[in-house]
Amino acid sequence: MLGITGQPLTGFNQGSQTVTTAGTRVQLNTASVPCRVVLITGKLANTGYIYVGDVNVSSTAYGKRLLAGDSITIPIGNLNLVYLDASVNGEGVDYLYAA
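Residues numbered from 1 in each chain as written. Predicted model: local features only at pLDDT ≥ 70, side-chain atom pairs only at ≥ 80, totals over all residues. Heavy atoms only, no water.

Asks: Would you take a moment to explain the pairing of strand β7 (residues 83-86) for this structure?
Replies: The two faces of β7 match: Tyr83 and Asp85 on one face and Leu84 and Ala86 on the other face are all buried. When strand β2 (residues 26-27) meets β7, the two strands line up antiparallel, connected through two bridges. Pairing of Val26 across the sheet is with Leu84, part of β7. Pairing analysis gives four bridges linking strand β4 (residues 50-53) to β7, with the strands arranged antiparallel. Directly across from Ile50, in β7, lies its bridge partner Ala86. (Buried < 20%, exposed > 50% of the residue type's maximum accessible area, 1.4 Å probe, protein only. Helix = DSSP H or I, 4+ residues; strand = E, 2+ residues; numbered from the N terminus. Pairing = 2+ DSSP bridges.)

So, in structure tokens, the structure goes:
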């Protein structure tokens, strides 16, 4: 499989992130995790929306709104550049990324 840059992907990793308090954005990953692409999926148990975007993401300013099971694929250089917010406390995402 070729990555966004046309180079072969070297592996996949996964993780999850929870927004503890709705209205308070969190980073997808607080560590510096280089990657080329990330697939973000709303947890199946979610009852509200997850908002995906940059450092300014909120329930009114977001790049993508996800329901339970919805996904978005983002070509990006580091997981810590992606931020999440939620409409319901304790909801979150699972993610799969490739280096």
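Asks: Can you help me understand the packing of aromatic side chains in this one?
Replies: Under the defined criterion, the tally for this structure stands at three aromatic pairs. Judged by centre distance (6.2 Å) and plane angle (40°), the ring pair of Tyr49 and Tyr51 falls under tilted. When the ring of Tyr95 is compared with that of Tyr97, the centres are 6.1 Å apart and the planes differ by 35°; the resulting orientation is tilted. Judged on exposure class, the residue Tyr95 and its partner Tyr97 are both buried. Chaining the aromatic ring pairs together yields one cluster made of Tyr49, Tyr51 and Tyr62. Directly above the aromatic system of Tyr49 lies the positively charged group of Arg65, at a separation of 4.3 Å from the ring centroid. (Phe/Tyr/Trp six-rings, centres within 6.5 Å; stacked < 30°, edge-to-face > 60°. Lys NZ or Arg CZ within 6 Å of the ring centre and 35° of its normal.)

Asks: Would you explain a nonpolar patch on the surface in this entry?
Replies: Side chains of Phe12, Leu39 and Leu96 sit close together on the surface and give an oily, nonpolar patch of about 250 Å² of accessible area. With respect to the helices and strands, the residue Leu39 is situated in strand β3 (residues 37-42). (Patch = residues over 30% accessible without salt bridge, like charges linked within 9 Å, V, L, I, M, F, W, Y side chains within 5 Å. Areas by Shrake-Rupley, 256 points an atom, 1.4 Å probe, with all protein chains shown as cover. Salt bridge = Lys/Arg side-chain N within 4 Å of Asp/Glu carboxyl O.)

Asks: What is the right way to read the nonpolar core from this model?
Replies: For soluble globular proteins, nonpolar side chains are generally found buried alongside one another. Judged by nonpolar contacts, the single largest core of 18 residues is most densely connected at Leu28, Val38, Ile40, Val52 and Leu79. At three residues, strand β8 (residues 91-98) tops the list of elements feeding residues into this core. Apart from residues no more than four positions distant in its own chain, Ile40 is found in contact with Leu28, Val52, Leu66, Asp70, Ser71, Ile72, Ile74, Val82, Val93, Asp94 and Tyr95. (Core = buried A, V, L, I, M, F, W, Y, C linked by side-chain atoms within 4.5 Å. Contact = heavy atoms within 4.5 Å.)

This is a description of form; function is not addressed.
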